[in-house]
Amino acid sequence: MSDYDTVSAEVEHEEEIPEDHPRYQDLITRHRIEKGVEKGITHLQGMHAEGRGSAFDYLLGEETIPSANDAERAAAAQLLLADHPVLSINGNVAALVPAEMVALADATGADLEVNLFNRTPERLTAIAEHLREHGADDVKGLEADARIPNLDHKRSKVDAEGIYEADVVLVPLEDGDRAEALDEMGKTEIVIDLNPLSRSPQVADVPIVDNIIRAVPAITEHARELADADDDELQAIIDDFDRERALEAAEERIRSGDL
Ligand code: PTJ
């Protein structure tokens, strides 16, 4: 079987995808996004976003590179040290890693907030419901009673008691304008994005260049390991992390990776 062989789009459940398939992770990802669109969670544009991400992941060798693992550890330290951490959820994130985001929220004491680029009440409600089906108790983002400054009206909507007042936010697969606007608000931003040249990782305090399906469980694992660490130990992990070096290492791997 070559790397380019695929599995029929007729696959109904992801368990039907053979685990020994050379592109197993990519097929699972594609399948989850497709189901997300069918369920009214994921926007059609989410398919384009996924295709773009998948091309970068292919060039990264579909694995967590060492600099991404360092970023995931720094992200765990940031979330644990935060006064009010919030994890932002869009239609792709909800389709790909719903239970994993709930587990990360539990491990770090973070809130979950639905925050959409293509915002509609139907998708907001469907995503909140989907997260609850995967174990979430409280899902923010439905009130949208505050605004991120310097962003157009629809995309600026957040919860006053959620992203608006958070000190640390995890914004996976985020749009560049919003990442910049959150940065201008002084938030500590953790971004997960497979494209190191995209504006969101470029403005992030902690850019994680890794597939979200690997990154989120990895952050949770680091957070569980660091659960008993004191503030000095967490701060030392944050201070040791070099965002520029992480971005350069990812770009270097993508440009020169031996596939
Ligand atoms: O659900 P909504 O309405 O909030 O819309 C969500 C999308 C993702 C459609 C929207 O935010 C969007 O259009 O995003 P962009 O501008 O396409 O950016 C998405 C970024 O995520 C790109 O840089 C991709 O490379 C990256 N990406 C895609 N899939 C993954 C990924 N990064 C990590 N893991 C992935 N699986």
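Bear in mind that the values here come from a model prediction, so they are computed numbers and not experimental data.

Engineer: It is not clear to me how the layout of surface pockets should be interpreted in this structure. Could you clarify?
Structural biologist: By rolling a water-sized probe across the atoms, one finds the places where empty space is left. One number sums up the size of the largest pocket: a volume of about 670 Å³. Considering the residues around the largest pocket, the lining is formed by 28 residues, among which Ala-49, Arg-52, Asn-90, Leu-173 and Glu-174 are closest to the centre. Where the lining of the largest pocket is concerned, the elements lending two or more residues are α2 (45-60) and α4 (91-96). Examining the composition of the lining of the largest pocket, we find that 7 residues originate from one element, α2, more than from any other. A class-by-class count of the residues in the lining of the largest pocket yields 9 nonpolar, 11 polar and 8 charged.

Engineer: Before we go on, may I ask you to explain the packing of helix α1 (residues 24-38) against α2 in this structure?
Structural biologist: In helix packing, the relevant descriptors are the interaxial angle and the interaxial distance, both defined with respect to the helix axes. Viewed as axis vectors pointing N to C, α1 and α2 meet at an angle of 170°, and their least axial separation amounts to 10 Å. The pairing of α1 with α2 is recorded here as roughly antiparallel in orientation. Taking contact as the criterion, the partners of Gln-25, Asp-26, Thr-29, Ile-33, Glu-34 and Val-37 in α1 are, on α2, Gly-46, Met-47, Glu-50, Ser-54 and Asp-57. Of the residues that constitute the contact of α1 with α2, the class distribution is 3 nonpolar, 4 polar and 4 charged.

Engineer: I'm lost on the nonpolar core in this one. Help?
Structural biologist: Formed by 48 residues in total, the largest nonpolar core has its most connected members in Leu-87, Met-101 and Ile-208. Excluding its chain neighbours within four sequence positions, the residues that come into contact with Met-101 are Leu-87, Ser-88, Ile-89, Val-93, Leu-112, Leu-170, Pro-172 and Val-216. Ranked by size, the runner-up nonpolar core spans 13 residues in total, among them Val-86, Val-158, Ala-181 and Ala-204.

Engineer: Would you explain the side chain of Arg-178 in this entry?
Structural biologist: Along the chain, Arg-178 turns up in helix α7 (residues 176-184). Note on Arg-178: relative accessible area 2%, which makes it buried. Only 2.9 Å separates the side chain of Arg-178 from the side chain of Asn-115, close enough to count as a polar contact. Polar side-chain contacts of Arg-178 include one of 3.3 Å to the backbone oxygen of Leu-116. Other than its neighbours up to four places away in sequence, Arg-178 contacts Asn-115, Leu-116, Phe-117, Ile-148, Leu-151 and Arg-155.

Engineer: In this structure, what is going on with unusual backbone geometry? I would like to understand it.
Structural biologist: When glycine is set aside, most residues are seen to have a negative phi, and most peptide bonds are trans. The backbone of Asn-150 sits at a positive phi, close to 65°, despite the residue not being glycine. One can find Asn-150 in the loop between β4 (146-147) and β5 (157-158). Look at Leu-173: it is not a glycine, yet its phi comes out positive at around 50°. Mapped onto the secondary structure, Leu-173 falls in the loop between β6 (168-172) and α7. Judged by relative accessible area, Leu-173 falls into the partly exposed class, the value being 29%.

Engineer: Help me understand the domain arrangement of the chain, please; the structure alone is not making it clear to me.
Structural biologist: Interface size is often expressed as the accessible area that is lost when the parts come together. Split into domains, the chain comes out as domain 1 (3-59) and domain 2 (66-254). For domain 1 versus domain 2, the separation of C-alpha centres amounts to 22 Å. Contacts between domain 1 and domain 2 engage 18 residues on the former and 20 residues on the latter. Both sides together, the interface formed by domain 1 and domain 2 hides about 1700 Å², and carbon and sulfur atoms give 54% of it.

Engineer: Help me out: how do you make sense of the site of the ligand in this one?
Structural biologist: Around the ligand there are 21 residues in total, and Arg-52, Gly-91, Phe-117, Arg-123 and Asp-193 lie nearest to it. Take Arg-52: an N or O atom from its side chain is 2.6 Å from an oxygen atom of the ligand. Note that an oxygen atom of the ligand is positioned 2.9 Å from one of the backbone N or O atoms of Asn-118. Among the elements of the structure, α2 and α4 are those that each provide at least two residues to the shell around the ligand. Looking at which domains feed residues into the shell around the ligand, each of domain 1 (3-59) and domain 2 (66-254) gives three or more.

Cut-offs applied
- Residues numbered from 1 in each chain as written.
- Predicted model: local features only at pLDDT ≥ 70, side-chain atom pairs only at ≥ 80, totals over all residues.
- Heavy atoms only, no water.
- 1 Å grid on protein atoms, 1.4 Å probe; cavity = no way out; pocket = protein on both sides within 12 Å on 5 of 7 lines; lining within 4 Å.
- Points joined across faces, edges and corners; volume = space filled by probe spheres on them.
- Helix = DSSP H or I, 4+ residues; strand = E, 2+ residues; numbered from the N terminus.
- Nonpolar A, V, L, I, M, F, W, Y, C, P; charged D, E, K, R; others polar.
- Axes fitted to C-alpha atoms, helices over the stretch in contact; angles between N-to-C directions.
- Parallel < 35°, antiparallel > 145°, perpendicular 65-115°, else oblique.
- Contact = heavy atoms within 4.5 Å.
- Core = buried A, V, L, I, M, F, W, Y, C linked by side-chain atoms within 4.5 Å.
- Buried < 20%, exposed > 50% of the residue type's maximum accessible area, 1.4 Å probe, protein only.
- Polar contact = N/O pair within 3.5 Å; in protein donor to acceptor, adjacent residues only side chain to side chain.
- Domains from an automatic or database assignment.
- Buried area = accessible area lost by both parts, 1.4 Å probe.
- Near = heavy atom within 4 Å.

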